[in-house]
Each structure stands twice: as C-alpha cells, then as structure tokens.
Amino acid sequence: MTTATLPVRAAHPKGWWGAVIFVATEATLFGTLVGTYVYLRFHNAHWPPPGVPKPPLLTPTLLTAALLLTSIPMYIASRAAGAGRRETAWRATTAAFAVQLVYLVWQLHDYVHTIDVYDPQQSAWASIFVTLLGADHLHVLVGVLLSAWFVVRISSRLTRYRIVGLQSTAFYWHAVNVITLVVLVVQLSTHL
C-alpha cells in the first residue's frame, strides 16, 4: 500500500503576519476617523461651516496620484527581493523612496498651512479634517522611514530577514496608499 505525500505548504513568515495585524489595526483607526467624519457630516447642516474655505483639490489629487504610483516599484522590489535579485529590489525601493519623500515634504508643508487656515479648535469639521490628514501623513512618514531603512540595508546584501522585511514594508506601503486615497476622497467630498 502506498501513501501519497501531500505537498508541504509553507507558512507566511512571522514578519508578514506582523504587518498584516498592524495594517488591520491601522485600517480600524482610519475606519473610526472616517466614520467620525461621516457621522459629523450628517449631523451638521453646514459642512464645512460657513466662512471656512473648502480644501484645495488639484495639489492633493496630483500628489496622491504620484504616491499611489509608488506601489508599482514597491511591488517590483518585493518580488525582486523574493527572487534574490538584490540590485533590482534596491533600485525599485530607491525610486519609490524618492517619490515618497517628495510627497511627504510637500504635504507636510501644506499641512502646516492647513492648520493655520483650518484651526482645529474652531469647528468639528476642522478638528476631524486636520486629525485625518495628520494621521495619514504620520503613516506616510512611517512608510518613508521603512523605505529609507531598506534602501540602506539591501544596498550591500540580501538576507532572508531583509527579504521578509522588505516584503512586509511593501505590504504596509500598499495599505498606506489605500488609506491615503480614502483620505483624499474624504477631502474632496467637501466639494460635493
């Protein structure tokens, strides 16, 4: 009697699961913030309040589009690292990092202006709007720091630990891009 052997399915590394759990908690945080925004929107006659200028459209839309495109090199970096192609992974991560950094610097500059224009203490709208943008920018900062770390770490060699780290960072980055897109939709909703 012969017994058939089943193929062994490799489990995802612990670092990957850590990234999944972290992203799930961040999705919960942003779900709560967006839910608060929607709740406040439907319980206020004027949203934003009268006399408050509506947030800009063009610059945040173009910056978010550029940021979303960084998912492509991060995907390439993740795949290349998994295949042992260190140079390709490094180049793709570096390209993504450059765009991510430009996005973050520009958005932080605009955020300082946003806080001046939309004083969070003046209305519920300004408070949730500034909080939502700030939380998103903080998550982009974390992603930029992770990308920078892997630009440095995989410049010399690729280890299993670094591969899992880069793949987890790419997963996190895709989640940050989705969150940033949702924040942009919330921002643009004031023009509807």
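Residues numbered from 1 in each chain as written. Predicted model: local features only at pLDDT ≥ 70, side-chain atom pairs only at ≥ 80, totals over all residues. Heavy atoms only, no water.

Caption draft 1: Just the nonpolar core, in detail. Counting residues in each nonpolar core, the largest one holds 23 residues, and the members touching the most others are Met74, Ala89, Val140, Leu166 and Trp173. Where this core is concerned, the elements lending two or more residues are α2 (58-69), α3 (71-82), α4 (86-117), α5 (124-153) and α6 (160-189). The next biggest cluster of nonpolar side chains, apart from the first, holds 18 residues, and it includes Tyr37, Trp47, Tyr111 and Val186. (Core = buried A, V, L, I, M, F, W, Y, C linked by side-chain atoms within 4.5 Å. Buried < 20%, exposed > 50% of the residue type's maximum accessible area, 1.4 Å probe, protein only. Helix = DSSP H or I, 4+ residues; strand = E, 2+ residues; numbered from the N terminus.)

Caption draft 2: Seen up close, a nonpolar patch on the surface. A cluster of nonpolar side chains, namely Leu69, Ile72, Tyr75 and Ile76, defines an oily patch on the protein surface of about 410 Å² accessible area. Sorting elements by how many residues they give to the nonpolar patch places α3 first, with three residues. Within the secondary structure layout, Ile76 lies in helix α3. On the basis of relative accessible area, Ile76 is assigned to the partly exposed category, the value being 38%. (Patch = residues over 30% accessible without salt bridge, like charges linked within 9 Å, V, L, I, M, F, W, Y side chains within 5 Å. Areas by Shrake-Rupley, 256 points an atom, 1.4 Å probe, with all protein chains shown as cover. Salt bridge = Lys/Arg side-chain N within 4 Å of Asp/Glu carboxyl O.)

Caption draft 3: Expanded view of helix α1 (residues 14-42). Given a rise of 1.5 Å per residue, 29 residues ought to cover 42 Å, and the 42 Å separating the end C-alpha atoms of α1 matches this to within 8%. Those residues of α1 not exposed but buried are Ala19, Val23, Glu26, Phe30, Leu33, Val34 and Tyr37. Those residues of α1 hidden inside the fold are in contact with α5 and α6. (Expected span 1.5 Å × (residues − 1). Contact = heavy atoms within 4.5 Å.)

Caption draft 4: A look at unusual backbone geometry. Geometrically, the link from Trp47 to Pro48 is a cis peptide bond, its omega value of -5° lying close to zero. Relative to the helices and strands, Pro48 resides in the loop between α1 and α2.

Caption draft 5: Quick peek at the packing of aromatic side chains. Enumeration over the complete set of coordinates arrives at seven aromatic pairs. Residues Tyr118 and Trp125 carry aromatic rings whose centres are separated by 5.0 Å and whose planes lie at 80° to one another, so their mutual orientation is edge-to-face. Measuring from centroid to centroid gives 5.6 Å for Tyr118 and Phe129, while their planes differ by 80°, and the two rings are edge-to-face. In this pair, Tyr118 sits in the loop between α4 and α5 while Phe129 sits in helix α5, placing the two residues 11 residues apart along the sequence. (Phe/Tyr/Trp six-rings, centres within 6.5 Å; stacked < 30°, edge-to-face > 60°.)

Caption draft 6: Region of the structure containing the packing of α4 against α5. At a minimum axis separation of 9 Å, α4 and α5 run at an interaxial angle of 155°. As far as their axial angle goes, α5 and α4 are roughly antiparallel. Of the two possible hands of crossing, α4 and α5 adopt the one that is left-handed. Across the contact of α4 with α5, the residue classes tally to 17 nonpolar, nine polar and one charged. (Axes fitted to C-alpha atoms, helices over the stretch in contact; angles between N-to-C directions. Parallel < 35°, antiparallel > 145°, perpendicular 65-115°, else oblique. Left-handed = near helix turned anticlockwise from the far one by under 90°. Nonpolar A, V, L, I, M, F, W, Y, C, P; charged D, E, K, R; others polar.)

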